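What the coordinates show
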Amino acid sequence: MDKHSKMDPIVKQGVFENGLMGLHVPEEYGGSGSSFFDAMIVIEELAKTDPAVSAMVGIHNTLPVSMILDHGTEEQKLRYLPALCSDTFGSFCISEAGAGSDAFALKTLAKQDGDYFLLSGSKMWITNSGDAQVFVVFANVDPSQRYKGITCFIVERGADGLTVDKEEDKLGIRASSTCQVHFDNVRVHKSAILGEYGKGYKYAIECLNAGRIAIGAQMIGLAQGCFDQTIPYLQQREQFGQRLIDFQVEQTLD
Ligand SMILES: Cc1cc2nc3c(=O)[nH]c(=O)nc-3n(C[C@H](O)[C@H](O)[C@H](O)COP(=O)(O)OP(=O)(O)OC[C@H]3O[C@@H](n4cnc5c(N)ncnc54)[C@H](O)[C@@H]3O)c2cc1C
């Protein structure tokens, strides 16, 4: 899967069928009803075997799903969460070419037009965007307010003017989908605002704080997975007449 930058469709189906895509979502919204802590254990365990699957599951749960769970209206939760838990990928779109660590430097605009907003801009490195049907998008409704103009919108895949570019050619977790997402005057109704107008920066900080815990869980799982694969090799591989594990420098691992 990693070599070809492709996630096996059976794995994508499997993560939904096994209840891994709405881990901390209450059962009333179609989730598994676990805690956030439980979700981190799942992410860590998946990363022991395949960090790309862990990234796909971890980011879906902690970013787009959490945003809708924490800030959605009851109508938005009922519209999106059951689907996101059962068969629909979501993406979280904040980063841009000039807005990485400094995410609030984002240039995507949401220009108000009566009851609608027109979204224009390009997002980069968006996880699961190759498959996503639901996009949680950060755009500025009033750049004169700087970060206090940042507002969050829910945009659906079929919206006119929304395009998803080719997969990024990454060095690792290659089977996890990472693409650019472009918005060319994408028209969304004001009811698609997630949470309050101008509060997007606050929601992003909170959500990314939780997302970073998931990245930490993923890294611990990845390191443990490497360790677990290395020990049996050191125990069976012989050089200079003895097992590698019996050399002084490797003995600390046994
Ligand atoms: C695999 C992958 C998946 C991703 N998924 C998503 C996603 O789903 N949604 C999304 O919106 N974004 C996503 N991103 C984007 C990710 O959030 C950004 O890559 C990240 O914010 C860093 O931005 P950057 O790559 O532009 O690095 P930069 O911000 O350019 O940073 C480059 C280097 O400078 C350092 N640096 C930056 N600022 C400071 C500072 N103040 N002090 C000291 N050092 C500093 C950084 O630590 C880093 O080492 C993803 C990225 C990757 C690689």
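Residues numbered from 1 in each chain as written. Predicted model: local features only at pLDDT ≥ 70, side-chain atom pairs only at ≥ 80, totals over all residues. Heavy atoms only, no water.

**Some points on the overall build of the protein chain**
The following threshold applies: Numbering goes from the N terminus for both helices and strands, where a helix is a DSSP run of H or I of at least four residues and a strand is a run of E of at least two. Exposure categories follow from relative accessible area, calculated using a 1.4 Å probe and restricted to protein chains: below 20% of the type maximum is buried, above 50% is exposed, and the middle band is partly exposed. Surface accessibility follows the Shrake-Rupley procedure with a 1.4 Å probe radius. Residue values consider only the protein chains on display as shielding. Charge counting follows a simple rule: Lys and Arg are positive, Asp and Glu are negative, and His as well as the terminal groups are ignored. The atom standing in for a charge is NZ when the residue is Lys, CZ when it is Arg, CG when it is Asp and CD when it is Glu.
Helix and strand counts for the protein chain stand at six helices and ten strands. Looking at the 254 residues of the protein chain, the share that counts as buried comes to 47%. A total accessible area of about 12,900 Å² is found for the protein chain, and carbon and sulfur atoms account for 52% of it. Each charge class in the protein chain can be summarised by its mean position, and for the 22 positive and 33 negative side chains these summaries are 7 Å apart.

**Considering the pairing of strand β1 (residues 90-93)**
Short version of the rule: Should DSSP find at least two bridges between two strands, the strands are regarded as paired.
The side-chain alternation of β1 yields two buried faces, one formed by G90 and F92 and the other by S91 and C93. Inspection of the sheet shows β1 paired to strand β4 (residues 134-140) by four bridges, in the parallel sense. Opposite C93, over in β4, you have V137 as the bridge partner.

**A closer look at the site of the ligand**
Selection criterion: By convention in these notes, a residue is near a molecule or strand provided one of its non-hydrogen atoms lies within 4 Å of it. Polar contacts, as used here, are pairs of N or O atoms within 3.5 Å; protein pairs need one atom able to donate a hydrogen and one able to accept it. Residues neighboring in sequence count only if both atoms are side-chain atoms.
Neighbouring the ligand are F92, I94, S95, G100, S101, W125, I126, T127, K170 and I173. The backbone of I94 places a nitrogen or oxygen atom 3.0 Å from an oxygen atom of the ligand. Between an oxygen atom of the ligand and a side-chain N or O atom of S101, the distance comes to 2.6 Å. For the ligand, whose accessible area on its own is 980 Å², the fraction buried by protein is 41%.

**Section: the UniProt feature "domain: Acyl-CoA oxidase/dehydrogenase middle" (unreviewed entry) in the protein chain**
Counted only if it meets this: UniProt positions are given in the numbering used here, feature names are shortened, and annotations may be inferred rather than shown by experiment.
The UniProt entry lists residues 91-186 under the feature "domain: Acyl-CoA oxidase/dehydrogenase middle" (unreviewed entry), expressed in the numbering used here. Helix makes up 0% of residues 91-186 and strand 51%, and the two end C-alpha atoms of the span are 16 Å apart.

**Section: the state of the cysteines**
Just so we agree on the cut-off: Cysteine sulfur atoms are paired as a disulfide whenever they come within 2.5 Å of each other.
A complete count under the given rule lists zero disulfides for this structure. Looking at the unpaired C85, the closest cysteine sulfur is the one in C207, lying at 15 Å. No disulfide involves C179; its sulfur sits 10 Å from that of C93, the nearest cysteine.

**A short note on the packing of aromatic side chains**
Heads up, the rule is: Two aromatic rings, drawn from Phe, Tyr or Trp (for Trp, its six-membered ring), form a pair once their centres lie within 6.5 Å of each other, and the interplanar angle then sorts them: stacked below 30 degrees, edge-to-face above 60, tilted otherwise.
Scanning all chains against the criterion turns up seven aromatic pairs. Considering the side-chain rings of Y147 and Y201, the 4.7 Å spacing of their centres and the 75° angle between planes classify their relative orientation as edge-to-face. Taken as a pair, Y147 in the loop between β4 and β5 (150-156) and Y201 in helix α5 (residues 200-236) lie far apart in primary sequence, 54 residues in all. Their ring planes at 90° and their centres at 6.3 Å tell us that F240 and F247 sit as a pair that is edge-to-face. Residue class for F240 comes out exposed when judged on its relative accessible area of 80%.

**Things to note about the nonpolar core**
Note the threshold: Residues grouped as a nonpolar core are buried Ala, Val, Leu, Ile, Met, Phe, Trp, Tyr and Cys residues, joined through side-chain atoms within 4.5 Å. Two residues form a contact once any of their heavy atoms are found within 4.5 Å.
Among the nonpolar cores identified, the biggest contains 36 residues, and V15, F117, L119, F135, F153, V155 and V188 are the most heavily contacted of them. Among the secondary structure elements, those contributing two or more residues to this core are α1 (9-17), α2 (36-49), α3 (51-71), β3 (116-127), β4, β5, β7 (178-189) and α5. With residues up to four places along the chain from it excluded, the contact list for V15 reads L20, M21, V53, M56 and V57. Among the nonpolar cores identified, the runner-up in size contains 27 residues, and Y80, C85, A99 and C207 belong to it.

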